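Residue-level listing of the chains:
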Amino acid sequence: MIQFQAEKITIDAQTPEGLPSRSIMGLAAPYNVVAEVNNGQKVRFLAGAFDTNQTPKLIMNHDMTQLVGKVTELVNTEQGLLFTARFSKTRDAEDALQLALDEVLDSVSVGAEPIDATYDDEGVLNVSKANLIELSLVPTGAFSSAKITQVAASEPEKTQELEIPKTELQPEETNQMEIEAEKPAEVTAPIFAEAKRPLRMPSPAEYIAAFYKGGDTFHNINAAIAENNRYNFAAGDVTTTDYGALPVPVVQPVYTNISYLRPVMTAIGARAMPTGSGTTFNRPSITTHTSVAQQVTELSALSSTTMVVTDNSVVKKTFGGTALVSEQSIDWGDPSSINIVLQDLAGQYADATDNYCADQITANATVHGTWNGNASSLVADIYSAAGAINSSTNVQATHLFVAPNVFQLIGGLVDGSNRPLFPTVAPYNASGTQSAASWNGNPLGLTMVVDKNFAANTMIVACAAGAFAGFEIYEQQKGAITLEQPEVLGRRVSFRGYLATLMIDATKFQSINYL
């Protein structure tokens with residue numbers, strides 16, 4: 001999935017005629033306009049690229065754990081794709097609606113999966129058909145005209161203090177944490193009635209809103225967190241010297257030199273982590289099937305084989321990180337400084353979990369052979385590995401997992417006439433496409449997955465999607481927690497989650513590493 005970020009128009013705090021309360025309208029994506037999206041790819045949506053019968057989710061910043069509503073109407077026009085969306089009656093949705101009313105979040109961005117798309121001579125990806133996965137509220141985006149044009153909100157009955165319920169945040173199972181793509185099935189946060197249960201970390205929007213309101217609201221949110229989150233962590237500290245822009249407000253996104261993608265986890269998808277099962281859980285699989293054969297003669301015994309089901313024990317792993325942010329960083333600098341730390345912790349979590357999955361795949365894949373680097377040998381080796389996958393099960397290979405250096409080698413291959421074996425724009429007789437500006441290639445029809453977390457020379461042909469995928473990922477993102485540390489005038493912020501993997505059928509992952 002590719003996330004296309006978009007960019008303001010007039011905001012109406014009253015309910016416009018014909019627009020239901022708690023709703024927004026605007027332009028989701030312009031047509032025939034080129035923009036550079038967050039992975040560096042230039043993209044143009046062609047007229048009518050989206051199916052208006054879809055009802056995607058309304059979320060914040062392409063994060064499926066921040067569900068705030070649903071798109072209720074889509075309309076194709078010459079200008080582009082127009083939308084109407086309605087906010088749910090949740091705490092996060094209230095914050096999002098208020099930010100829209102205040103014109104803080106005035107832009108929108110679509111998360112879309114291209115179905116029919118081609119590259120032109122200038123390297124622009126022209127999308128003629130796409131599946132709209134979600135619509136995000138964002139502060140800024142790639143398409144300058146993709147804006148919220150109207151906001152309809154009912155007046156609140158009375159002003160209330162911002163409080164945090166005693167809940168434990170249970171975000172999405174994730175499919176695509178996607179920082180570029182995607183993030184990555186939603187899991188609704190349950191509410192626990194037990195007293196003294198640690199609070200969930202307030203969302204960045206909740207914390208910043210309380211910060212700006214100040215007074216008792218900001219005091220209460222800090223006091224509640226301090227009372228219910230008395231934990232101690234060993235971690236790196238963050239002070240004012242770590243923020244080069246302090247005390248000058250941060251007016252642009254903070255630059256990071258890491259793109260927090262989860263290519264492996266996005267390609268395979270994560271299942272919901274079983275709860276209440278202790279440190280392990282069982283995943284049954286059939287190791288011996290029943291049998292059926294032709295009856296030799298009338299009344300002769302039929303074929304009979306006892307089915308054997310094996311319980312595979314899956315071990316849960318915990319991943320997390322923490323940082324201490326000084327009170328001065330919060331008070332003297334931009335209030336979003338706490339959000340910067342949170343986003344980086346979430347990004348590091350994404351990278352660490354994806355790295356673990358890549359290592360588990362490599363360690364448990366079936367060794368099929370090696371590739372000598374030649375074009376003709378590559379074709380033969382990939383087909384040989386694909387044949388090994390479907391020879392006993394009739395299951396087809398779906399993906400080609402490679403390390404970045406193998407991606408470079410494959411992209412540089414040429415045929416006998418010195419033409420690229422997998423060109424950027426494929427002619428009719430090409431065996432697939434590949435581009436130096438994108439990792440979304442399809443050599444020999446396989447979906448290429450390039451991941452820096454694979455060791456050099458790694459190349460694996462796999463059945464990694466669908467009901468017969470040989471590798472499974474289970475995840476429960478616990479999200480962020482925080483507590484005050486008054487003895488050092490700081491706030492401890494942590495991000496954590498649970499992860500488990502299982503190579504349930506190693507024959508579905510055939511390794512043909514570069515020699």
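Visitor: Outline the nonpolar core, listing residues and values.
Guide: Of all hydrophobic cores here, the largest spans 38 residues; its most connected members are Ile24, Phe45, Phe50, Phe83, Phe87 and Leu137. With six residues, strand β9 (residues 125-138) is the single largest residue contributor to this core. Ignoring anything within four residues of it in the chain, the contact list for Ile24 reads Leu58, Phe83, Thr84, Ala85, Phe87, Leu137, Ile148, Gln150 and Val151. Counting residues in hydrophobic clusters, the runner-up holds 34 residues, among them Tyr349, Tyr356, Val449 and Ala462.

Visitor: With reference to specific residues and values, describe the pattern of salt bridges.
Guide: Tallied over the full model, the rule gives 10 salt bridges. Arg491 is the salt-bridge partner of Glu484, the closest N and O atoms lying 2.5 Å from each other. On the basis of relative accessible area, Arg491 is assigned to the buried category, the value being 1%. Taken together, the salt bridges that share partners define one network made up of Arg271, Arg283 and Glu472.

Visitor: Tell me about the sheet that holds strand β17 (residues 399-402), residues and numbers included.
Guide: The five strands are arranged β16-β22-β19-β17-β18 in an open sheet whose pairing can be described as mixed. Each having just a single partner strand, β16 (366-371) and β18 (447-450) make up the two edges of the open sheet. Going across the sheet, the axis of each strand differs from the next one's by a mean of 25°, ignoring polarity. Sheet topology places β16 next to strand β22 (residues 509-514); five bridges connect them, and they run parallel. Across the sheet, the residue bridging to Thr370 is Asn513, located in β22. Contacting β16, β17, β19 (459-462) and β22, helix α7 (residues 375-390) crosses the sheet at an angle of about 170° to β16. Relative to the sheet, helix α8 (residues 404-411) contacts β16, β17, β18, β19 and β22, its axis offset from that of β17 by approximately 115°.

Visitor: Help me get a handle on helix α1 (residues 91-101), residues and values and all.
Guide: For α1, the set of buried residues is Ala93, Asp95, Ala96, Leu97 and Ala100. In the segment just after α1, Glu103 is the residue with positive phi, at about 60°.

Visitor: Explain the side chain of Arg491 to me, and be specific about the residues and the numbers.
Guide: Position of Arg491 among the secondary structure elements: in strand β21 (residues 490-503). In terms of polar contacts, Arg491 uses its side chain to reach the side chain of Glu484, at 2.5 Å.

Visitor: Provide a residue-level description of the packing of aromatic side chains, including the pertinent values.
Guide: Applying the stated criterion across every chain yields a total of nine aromatic pairs. Aromatic side chains Phe45 and Phe143 sit 6.0 Å apart centroid to centroid with 35° between the ring planes, which places their arrangement in the tilted category. Within this pair, whereas Phe45 is found in strand β4 (residues 42-45), its partner Phe143 is found in the loop between β9 and β10 (148-152), the two being separated by 98 residues in sequence. Here Phe45 matches Phe143 in class, with each residue buried. Each residue in the set Phe401, Phe454, Phe471 and Phe509 is aromatic and connected to the rest through ring pairs, giving one cluster.

Visitor: Before we move on, can you summarise a nonpolar patch on the surface with the specific residues and values?
Guide: The grouping of Ile286, Met307 and Val309 at the surface amounts to a nonpolar patch, some 250 Å² of accessible area in total. By secondary structure assignment, the location of Ile286 is in strand β13 (residues 280-288). A relative accessible area of 41% means that Ile286 is categorised as partly exposed.

Parameters at a glance
Residues numbered from 1 in each chain as written. Predicted model: local features only at pLDDT ≥ 70, side-chain atom pairs only at ≥ 80, totals over all residues. Heavy atoms only, no water. Core = buried A, V, L, I, M, F, W, Y, C linked by side-chain atoms within 4.5 Å. Buried < 20%, exposed > 50% of the residue type's maximum accessible area, 1.4 Å probe, protein only. Helix = DSSP H or I, 4+ residues; strand = E, 2+ residues; numbered from the N terminus. Contact = heavy atoms within 4.5 Å. Salt bridge = Lys/Arg side-chain N within 4 Å of Asp/Glu carboxyl O. Pairing = 2+ DSSP bridges. Axes fitted to C-alpha atoms, helices over the stretch in contact; angles between N-to-C directions. Polar contact = N/O pair within 3.5 Å; in protein donor to acceptor, adjacent residues only side chain to side chain. Phe/Tyr/Trp six-rings, centres within 6.5 Å; stacked < 30°, edge-to-face > 60°. Patch = residues over 30% accessible without salt bridge, like charges linked within 9 Å, V, L, I, M, F, W, Y side chains within 5 Å. Areas by Shrake-Rupley, 256 points an atom, 1.4 Å probe, with all protein chains shown as cover.

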